[in-house]
Amino acid sequence: MEEKQVIESFLNDRTDEAFCALFEAFCVRLRRYFLLRGLDVATAEDLTQDVFVKVHQKAGELREPDRFRGWLFAIARNEMVSYWRREQPRVESRHLEDPVAEPDMASALRLTDMLRTLEPAERDLVVLRFVDGLSYEELAEALKLPMGTIKWRIFNVRKKLARSLEVSPARRARQTIN
Amino acid sequence: MSKMKHGISELEWNDYLDGRGTVELRDRIEAHMIGCLECWQLYERLSDATRELVEASEEARSGLPLEDRRMHAMLRGIFSRIRSGPTKSHIEGRLNLLEGVLTPFCGSQAALSALHAAAQKSPARSLDRVTPDNWAPFLENLSAIATAMCGATFAGLIRESGQL
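Each value, and the rule that gives it
Per-chain numbering applies: the sequence of each chain, read as written, is numbered from 1 onward. The naming scheme follows written order: chains are lettered A onward, ligands numbered 1 onward. Given that the model is predicted, a residue must reach a pLDDT of at least 70 before its local features are reported, and side-chain atom pairs must reach 80 or more before they are shown or counted; all residues, however, enter totals for whole chains, interfaces and linings. Hydrogen atoms and water are omitted, and side-chain values are computed over all heavy atoms in the structure. Starting at the N terminus, helices and strands are each numbered in turn, a helix being any DSSP run of H or I of at least four residues and a strand any DSSP run of E of at least two. When a residue's accessible area, from a 1.4 Å probe over protein chains only, is under 20% of the maximum for its type it is buried; when over 50% it is exposed; and in between it is partly exposed. The contact criterion used throughout is that any non-hydrogen atoms of two residues lie within 4.5 Å. Note on areas: these come from Shrake-Rupley sampling with a 1.4 Å probe, and a residue is covered only by the protein chains present in the view. Two parts placed together each lose some accessible area under a 1.4 Å probe, and adding up what both lose gives the buried area. One side-chain nitrogen of Lys or Arg within 4 Å of one carboxyl oxygen of Asp or Glu is enough to make a salt bridge. Distance and chemistry together define a polar contact, namely a pair of N or O atoms within 3.5 Å, with one atom able to donate a hydrogen and the other to accept it when in protein, and with adjacent residues in sequence counting only for side-chain atoms on both sides. Here the nonpolar group is Ala, Val, Leu, Ile, Met, Phe, Trp, Tyr, Cys and Pro; Asp, Glu, Lys and Arg are the charged ones; every other residue, Gly included, is treated as polar. Each pair of aromatic rings taken from Phe, Tyr and Trp, with Trp reduced to its six-membered ring, is defined by centres within 6.5 Å and is described as stacked if the planes are under 30 degrees apart, edge-to-face if over 60, and tilted in the remaining cases. We count a charge as sitting over a ring when the NZ of a lysine or the CZ of an arginine lies within 6 Å of the ring centre and within 35 degrees of the ring normal. Lines fitted to the C-alpha atoms define the axes, with helices restricted to the stretch that makes contact. Angles between their N-to-C directions range from 0 to 180 degrees. The cut-offs work like this: below 35 degrees is roughly parallel, past 145 is roughly antiparallel, 65 to 115 is roughly perpendicular, and the gaps in between are oblique. In a left-handed crossing the near helix is turned counterclockwise from the far helix by less than a right angle, and in a right-handed crossing that turn is clockwise.

A. Spotlight on the overall build of chain A. Along its length, chain A carries nine helices and zero strands. The order of helices and strands in chain A, counted from the N terminus, is α-α-α-α-α-α-α-α-α. Counting the 178 residues in chain A, one finds 53% classified as buried. Across chain A, every contact between residues at least 6 apart in sequence was considered, and the portion connecting residues at least 24 apart equals 63%. Carbon and sulfur atoms make up 49% of the accessible area of chain A, which totals about 7900 Å².

Structure representation (structure tokens):
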């Protein structure tokens, strides 16, 4: 079943079967979002579960399937912010939102290096836009920001990354090889 | 917010780099770049950065797998929470209430520290993992901390406020 059908089926029918299909379609993406935003595997999976419990409870609030992905990631982001707020006093040794080195994060090392050069709000944008493929409309819904602000921030991300890539030894080495 | 340089705004550059601009915008930027080395170099740098970002994002997307076994365990956990009594949101609400009761007596930092300490000493081991199942020992620890901080009467208030 295509993603759009999965979403429509869940919003229209709200059956356990439709919820399971929705979970299968989005759980990997939500877990990956949390991992890329600096959470360990156990916490990423806990928060993924929290998000789906909220989706189940709040699905009645959403009528338009086209808004689902933005709405889903807005819930995910709120869960993450609440988590950071609760955990901040306990963690002093590193910035909570810095990407962490988990054993199964090897494929994401290049991206996490890039994310380290960005502000937390910009990391959200990058992960949601470039990894999860959210449209500008969906980003505006997820981050509760006007579309112009989203575009302006994306442009700033491009500029920041261009500057950091100019001084990156790994990139200079790749260019030399090529 | 969006600066204009050489007649091209940052939002227009962004649309152009995304391939979202109108035909008119594309023609205007491309005609300008033919005669402007500065803008051509800006475009090269930004499109390089975008390409790197897209490639790195594709790598990340293809990795970070989740085993079926783990996925099913998560789904079972979700259904169990949906169908059980107090949910995580009840717990969060109760934690917020307890923080609100503690704060006027000992300040917001000490209130949060007390909640964390109570959780750490309980089977939950961290505030984030306090659930309806391990709520009772957590609340007992918090009451003990409240007794030490402000006496038995205050601890009674904490115990009362913390009932699910």
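B. Looking closely at the interface of chain A and chain B. Of the residues lining the interface, 57 residues belong to chain A; the matching set on chain B comes to 51 residues. Both sides of the chain A and chain B interface together cover about 5300 Å² of buried area, and 58% of this is carbon and sulfur. The largest share of the area that chain A buries against chain B comes from R110, F155 and R158 of chain A, three residues that together contribute 13% of it. Viewed at the interface, chain B and chain A are joined by 13 salt bridges. Linking chain A with chain B are 19 residue pairs in polar contact (both at pLDDT 80 or more), by the criterion used here. The set of elements that each furnish at least two residues to the side of chain A that touches chain B consists of α2 (16-36), α3 (41-58), α4 (68-87), α5 (109-116), α6 (120-131), α8 (147-166) and α9 (169-177) of chain A. If you tally residues by element for the side of chain A that touches chain B, the top one is α8 of chain A, at 13 residues. Looking at the side of chain A that touches chain B, its residues break down into 27 nonpolar, eight polar and 22 charged.

C. Here's a closer look at the side chain of R158 of chain A. By the element assignment, R158 of chain A lies in helix α8. Among all residues touching R158 of chain A, those that are not within four sequence positions of it are Y136 of chain A together with N14, L17, D18, L46, A49 and T50 of chain B.

D. Molecular detail of the packing of aromatic side chains. Under the counting rule described, the total for this entry stands at 13 aromatic pairs over all chains. Ring geometry for Y33 of chain A against F73 of chain A: centres 5.6 Å apart, planes inclined by 80 degrees, an arrangement best described as edge-to-face. Within this pair, whereas Y33 of chain A is found in helix α2, its partner F73 of chain A is found in helix α4, the two being separated by 40 residues in sequence. The class for F73 of chain A is buried, based on a relative accessible area of 1%. Pairwise contacts between aromatic rings join F10, F19, F23 and F52 of chain A together with F79 of chain B into one cluster. Cation over ring: K151 of chain A sits above Y136 of chain A, and NZ or CZ is 5.9 Å from the ring centre.

E. Fine view of the packing of helix α1 (residues 10-18) of chain B against helix α3 (residues 37-62) of chain B. All names here are of chain B. Where α1 contacts α3, the two axes come as close as 11 Å, and the packing angle between them is 55 degrees. Classified by the angle their axes make, α1 and α3 are oblique. α1 and α3 meet at a crossing whose hand is right-handed. Mapping the contact onto sequence places W13, Y16 and L17 in α1 and C39, L42, Y43, L46 and S47 in α3. Looking at the contact of α1 with α3 residue by residue, the class counts come to seven nonpolar, one polar and no charged.

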